[in-house]
Amino acid sequence: MAAIEHTVLQFSTSPSSSLSAKVHPLVIFNICDCYVRRPDQSERVIGTLLGSVLPDGTVDIRNSYAVPHVSGEQVALDIEYHHNMLISHQKVNPKEVIVGWYSTGLGVSGGSALFHEFYSREAPNPVHLTVDTGFVNGAGTIKAYVSVNLSLGDRQLAAQFQEIPLDLRMVEAERVGYDILKTPMVDKLPTDLEGMEASMERLLALIDDVYKYVDNVVEGRVEQDNTIGRFLFDTIASLPKLSPSAFDKLINDSLQDNLLLLYLSSITRTQLTLAEKLNTAAQVL
Amino acid sequence: MATPGARSFLQVAATEEVASPLRVVQIEGLVILKIIKHCKEFSPALVTGQLLGLDVGSVLEVTNCFPFPVREEDEEIEADGANYQLEMMRCLREVNVDNNTVGWYQSTLLGSFQTVELIETFMNYQENIRRCVCIIYDPLKSNQGVLALKALKLSDSFMDLYRTNNFTGEKLREKNLSWVDIFEEIPIKVSNSALISAFMTELEADTPVVQCDYDRLQLSTSPFLERNMEFLIECMDDLSMEQQKFQYYYRNLSRQQAQQQAWIQKRRVENMARKAAGDEPLPEEDPSNPVFKPLPEPSRLDSFLITNQISNYCNQINGVTGQSFSRLYLTKALHEN
């Protein structure tokens, strides 16, 4: 945290709205990759965060790139490199602007204040993201900070880094599937049917859990919880109420449509093989 | 390639180094996420980007990638495009990213990517790099809960044939090449660094059900199937046009042959008359006669590509209907209880 020497402090501005940040999984991947590839003499990686500010004030961090820097006694940042990369990135996606910067390692150090000052010239109210790649606390902590100016009367004293809530929901990573992104080596991408199987197994497991819970409540082993009961009721009520014959007809119609398409595509494939044999086998001369 | 060196290397230099065939493409999770992000953001427009990595033995490692800006057809923007590429590669080199181009990626809409441009881009890349691969990502299909990522490569026999630009029926029969042999699909392996797998393990969502499950268990697939069918029908139209071209060609060919026969007969009769009169017999062939002009056989390349596309659509339809079956039976079982 920043040095707090005087006993009397005055926060000049508290964050106006509850500023929060949302990080996309690609950013984490990028940062880790840059950390793994860092030159041997530097301990940490510094880089720029790109993204946009959503209308409700949340900062949406979507992309990032590393910037060569010098840390330690003297701190320096390769500004030209930073600008070049920014221009290149904006050629592809002009909507992504600088929203902050990141550094690896736990906590905020003294040099960070200077970097933060540089970035505050680039973007209004930049967000500082720290990614603990050293797993100091036994866990990888990712925190986001904004800087708040501490002033005594008229004099600027220091800048305090205040933590802001961070939303790490990884919807894209979920889409790809955590199995693929988690293990060091995946031998084969899962096909449609395998994925289907996995999803159905999960659904089955969930239904089993719910079953057991309901059984327990009925037998009095577990306290009943009204909210859960209401949820269950809503879920079951959301099944459309159709008479069995109408439902059967619906299902059978869909089944037949699918069979038709399957048949059609098999016929097309047979036709293709036949046509190709005829085309190349034709000997006119 | 082995460079001619000292005498002791002579044996190595003498044996031509045979590149081990590409068996697997190893992609990093980072690259997959980047590709997905780029293609999704610009969907439905089609976008491309460059792949960077290493070529190791029979594995092609893809470790990073960067997107290409949308290019307009303009002279000065072309030079800009090349500059952008150089700039990106230089900047990435400074942060120790592999600076080696190993191919490119592009997004597609429901699998309509087998075009002549793809082949030409492949040939362009092949001149500079020994092994390159093209990764195709389909954002529409991925909405169904499947990761639609494919790695493609042109087969070697097809590349030789393309260089000679000769796609007649005879040549193809000679090489035993059919439309399945144009593109080779290479299996993809995904690798992640230990650091990132540690982070992912920790950040994994606690809920037992994830977004991809929601996508997969959705009952409505008709928009997807409808578009597939639309594309399929269009392709069938194209294919029938190509086949008509062939029919036209064959009809012309047989007509020309009949004309040739007639002309030769006439010549023979004339020659007999001349022999009887004691004159020199005229040659039986006359290359300047338009009857003998060889007709150009239409190239089969287009029909092959279209056939490839059609088979792709068919496969997709098969896959999706298969999934729908499971879903429908699931719903049925659910309702019965």
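Reading the values: the criteria
- Residues numbered from 1 in each chain as written.
- Chains lettered and ligands numbered in written order.
- Predicted model: local features only at pLDDT ≥ 70, side-chain atom pairs only at ≥ 80, totals over all residues.
- Heavy atoms only, no water.
- UniProt positions renumbered as here; feature names shortened; annotations may be inferred.
- Contact = heavy atoms within 4.5 Å.
- Buried area = accessible area lost by both parts, 1.4 Å probe.
- Salt bridge = Lys/Arg side-chain N within 4 Å of Asp/Glu carboxyl O.
- Polar contact = N/O pair within 3.5 Å; in protein donor to acceptor, adjacent residues only side chain to side chain.
- Helix = DSSP H or I, 4+ residues; strand = E, 2+ residues; numbered from the N terminus.
- Nonpolar A, V, L, I, M, F, W, Y, C, P; charged D, E, K, R; others polar.
- Pairing = 2+ DSSP bridges.
- Disulfide = S-S within 2.5 Å.
- Buried < 20%, exposed > 50% of the residue type's maximum accessible area, 1.4 Å probe, protein only.
- Patch = residues over 30% accessible without salt bridge, like charges linked within 9 Å, V, L, I, M, F, W, Y side chains within 5 Å.
- Areas by Shrake-Rupley, 256 points an atom, 1.4 Å probe, with all protein chains shown as cover.
- Axes fitted to C-alpha atoms, helices over the stretch in contact; angles between N-to-C directions.
- Parallel < 35°, antiparallel > 145°, perpendicular 65-115°, else oblique.
- Expected span 1.5 Å × (residues − 1).
- Core = buried A, V, L, I, M, F, W, Y, C linked by side-chain atoms within 4.5 Å.

- An unreviewed UniProt entry lists chain B under the name Eukaryotic translation initiation factor 3 subunit H, with Pyrus ussuriensis x Pyrus communis as the source organism.
- UniProt lists a comment for chain B under the heading Sequence similarities (unreviewed entry), and it reads "Belongs to the eIF-3 subunit H family."
- Here is the UniProt Subunit (unreviewed entry) comment for chain B, exactly as written: "Component of the eukaryotic translation initiation factor 3 (eIF-3) complex."

- The name given to chain A in an unreviewed UniProt entry is Eukaryotic translation initiation factor 3 subunit F, with Pyrus ussuriensis x Pyrus communis as the source organism.
- Under the heading Subcellular location (unreviewed entry), UniProt records this for chain A: "Cytoplasm".
- The UniProt entry for chain A carries this comment under Subunit (unreviewed entry): "Component of the eukaryotic translation initiation factor 3 (eIF-3) complex."

Focus: the interface of chain A and chain B
Now for step 1: Listed by partner, the interface residues are 85 residues for chain A and 95 residues for chain B.
Now for step 2: Carbon and sulfur atoms supply 68% of the area that chain A and chain B bury against each other, a total of about 8500 Å² over both sides.
Now for step 3: There are two salt bridges connecting chain A and chain B.
Now for step 4: With a shortest N-O distance of 3.0 Å, Glu96 of chain A and Lys37 of chain B are connected by a salt bridge.
Now for step 5: Linking chain A with chain B are seven residue pairs in polar contact (both at pLDDT 80 or more), by the criterion used here.
Now for step 6: Counting residues per element, the ones that place at least two in the side of chain A that touches chain B are helix 1 (25-36), strand 3 (59-67), helix 2 (79-92), helix 4 (171-176), helix 5 (178-182), strand 11 (185-186), helix 6 (192-218) and helix 8 (244-281) of chain A.
Now for step 7: At 19 residues, the largest contribution of residues to the side of chain A that touches chain B is made by helix 8 of chain A.
Now for step 8: Among the residues making up the side of chain A that touches chain B, the classes are represented as 49 nonpolar, 18 polar and 18 charged.
Now for step 9: Bridging between strand 11 of chain A and strand 8 (residues 188-191) of chain B involves two bridges; their strand directions are antiparallel. Bridging across to strand 8 of chain B, Val186 of chain A finds its partner in Val190 of chain B.

Let's talk about the state of the cysteines
Now for step 1: Throughout the structure, instances matching the rule amount to zero disulfides over all chains.
Now for step 2: Just so you know, Cys32 of chain A is unpaired, no disulfide at all, and the nearest cysteine sulfur is the one on Cys34 of chain A, 9.3 Å from it.
Now for step 3: Overall, Cys32 of chain A belongs to the buried group, its relative accessible area being 1%.
Now for step 4: We note that Cys134 of chain B lacks a disulfide partner, and the nearest cysteine sulfur, in Cys132 of chain B, lies 8.4 Å from it.
Now for step 5: Residue Cys134 of chain B is classed as buried on the basis of its relative accessible area of 0%.

Details of a nonpolar patch on the surface
Now for step 1: Among the surface-exposed residues, Ile207, Ile236 and Leu239 of chain A together with Leu334 of chain B lie close enough to one another that they form a single nonpolar patch of about 340 Å² accessible area.
Now for step 2: Judged by relative accessible area, which is 38%, Ile207 of chain A ranks as partly exposed.

What about the packing of helix 4 (residues 116-128) of chain B against helix 6 (residues 156-164) of chain B?
Residues and elements named next belong to chain B.
Now for step 1: Running from N to C, helix 4 and helix 6 cross one another at 95°; their axes reach a closest spacing of 12 Å. One finds that helix 4 runs roughly perpendicular with respect to helix 6. Across the interface between the two elements, Val116, Ile119, Glu120, Met123 and Gln126 of helix 4 pack against Phe158, Met159, Tyr162 and Arg163 of helix 6.
Now for step 2: Within the contact of helix 4 with helix 6, the residues separate by chemical class into six nonpolar, one polar and two charged.

Here's the deal with helix 1 of chain A
Residue and element names in this part refer to chain A.
Now for step 1: With 12 residues, helix 1 should cover 16 Å at 1.5 Å per step; its first-to-last C-alpha distance of 17 Å lies within 8% of that length.
Now for step 2: Burial within helix 1 is extensive, with 11 of its 12 residues counted as buried.
Now for step 3: Three or more residues of helix 1 are buried, namely Pro25, Leu26, Val27, Ile28, Phe29, Asn30, Ile31, Cys32, Asp33, Cys34 and Tyr35.

Observations concerning the nonpolar core
Now for step 1: Judged by nonpolar contacts, the single largest core of 59 residues is most densely connected at Ile28, Ile61, Tyr102 and Leu129 of chain A together with Phe66 and Phe199 of chain B.
Now for step 2: The leading source of residues in this core is helix 1 of chain A, at eight residues.
Now for step 3: Residues Ile129, Phe158, Phe183 and Tyr313 of chain B belong to the second largest nonpolar core, which totals 38 residues.

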